[in-house]
Amino acid sequence: MTHYGTIKNYDSGKGEGTITAEKGGDVLHFAKADLRKESSAPEQGQRFGYETKQVDGGKPQAINLRQEEQGAGKQGEQASKQQG
């Protein structure tokens with residue numbers, strides 16, 4: 001199941017960061033290897049889609065992160081409905 005959130009922080013030196021879920025809940029950690037496009041470092045505030053997996057005794061971690069296009073997803077759909 002795909003979840004959505006925004007990048008809270010990313011340390012390119014360590015190759016890890018955190019993402020805040022749009023629907024609330026815990027801040028999730030992720031590693032550079034979990035990014036679909038490892039060549040571009042995520043920036044604070046960018047919206048990403050992701051999945052989760054359980055690590056370290058059941059603690060969730062974000063995986064398969066992929067950047068969402070501006071206006072994509074629910075926000076884009078809502079904007080279209082409001083304008084149309």
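## Concerning the overall build of the protein chain
Then, number 1: In terms of regular secondary structure, the protein chain is built from one helix and five strands.
Then, number 2: Listed by position from the N terminus, the elements making up the protein chain come as β-β-β-β-β-α.
Then, number 3: Out of the 84 residues belonging to the protein chain, those deemed buried represent 31%.
Then, number 4: Considering only residue pairs separated by 6 or more positions, the protein chain has 47% of its internal contacts joining residues 24 or more positions apart.
Then, number 5: Accessible surface computed for the protein chain: about 5,800 Å², of which carbon and sulfur atoms make up 42%.

## Some points on the confidence of the model for the protein chain
Then, number 1: Considering every residue of the protein chain, the mean pLDDT works out to 84; 80% of them sit at 70 or more.
Then, number 2: Considering only residues more than four positions removed or in separate chains, one finds that residues 72–84, a stretch of pLDDT under 50, has seven contacts.

## Some thoughts on the nonpolar core
The nonpolar side chains of a soluble globular protein tend to be buried, and buried together.
Then, number 1: The biggest cluster of nonpolar side chains holds eleven residues, and these are Ile-7, Tyr-10, Ile-19, Ala-21, Leu-28, Phe-30, Leu-35, Phe-48, Tyr-50, Ala-62 and Leu-65.
Then, number 2: Taken together, the elements giving at least two residues each to this core come down to β1 (3–11), β2 (16–21), β3 (27–31), β4 (47–55) and β5 (59–67).
Then, number 3: The residues contacting Leu-65, other than those within four sequence positions of it, are Ile-7, Ile-19, Phe-30, Asp-34, Leu-35, Arg-36, Phe-48, Gly-49 and Tyr-50.

## Some points on the pattern of salt bridges
Then, number 1: All told, the structure shown has one salt bridge when counted by the stated rule.
Then, number 2: The salt bridge involving Glu-22 is made with Arg-47; its shortest N-O contact spans 2.6 Å. Taken together, the positions of Glu-22 in the loop between β2 and β3 and Arg-47 in strand β4 put the pair 25 residues apart, joining distant regions of the chain.
Then, number 3: Looking at Glu-22, the relative accessible area reads 42%, which means it is partly exposed.
Then, number 4: The exposure class of Arg-47 is buried, given its relative accessible area of 11%.

## Section: the packing of aromatic side chains
Two numbers describe a pair of aromatic rings. These are the distance of the centres and the angle of the planes.
Then, number 1: Counted according to the given criterion, the structure contains one aromatic pair.
Then, number 2: Considering the side-chain rings of Tyr-10 and Phe-30, the 5.8 Å spacing of their centres and the 5° angle between planes classify their relative orientation as stacked. Pair noted here: Tyr-10 is in strand β1 and Phe-30 is in strand β3, with a separation of 20 residues, a long-range link.
Then, number 3: Classification of Tyr-10 as buried rests on a relative accessible area of 19%.

What counts as what
Residues numbered from 1 in each chain as written. Predicted model: local features only at pLDDT ≥ 70, side-chain atom pairs only at ≥ 80, totals over all residues. Heavy atoms only, no water. Helix = DSSP H or I, 4+ residues; strand = E, 2+ residues; numbered from the N terminus. Buried < 20%, exposed > 50% of the residue type's maximum accessible area, 1.4 Å probe, protein only. Contact = heavy atoms within 4.5 Å. Areas by Shrake-Rupley, 256 points an atom, 1.4 Å probe, with all protein chains shown as cover. pLDDT = per-residue confidence, 0-100. Core = buried A, V, L, I, M, F, W, Y, C linked by side-chain atoms within 4.5 Å. Salt bridge = Lys/Arg side-chain N within 4 Å of Asp/Glu carboxyl O. Phe/Tyr/Trp six-rings, centres within 6.5 Å; stacked < 30°, edge-to-face > 60°.

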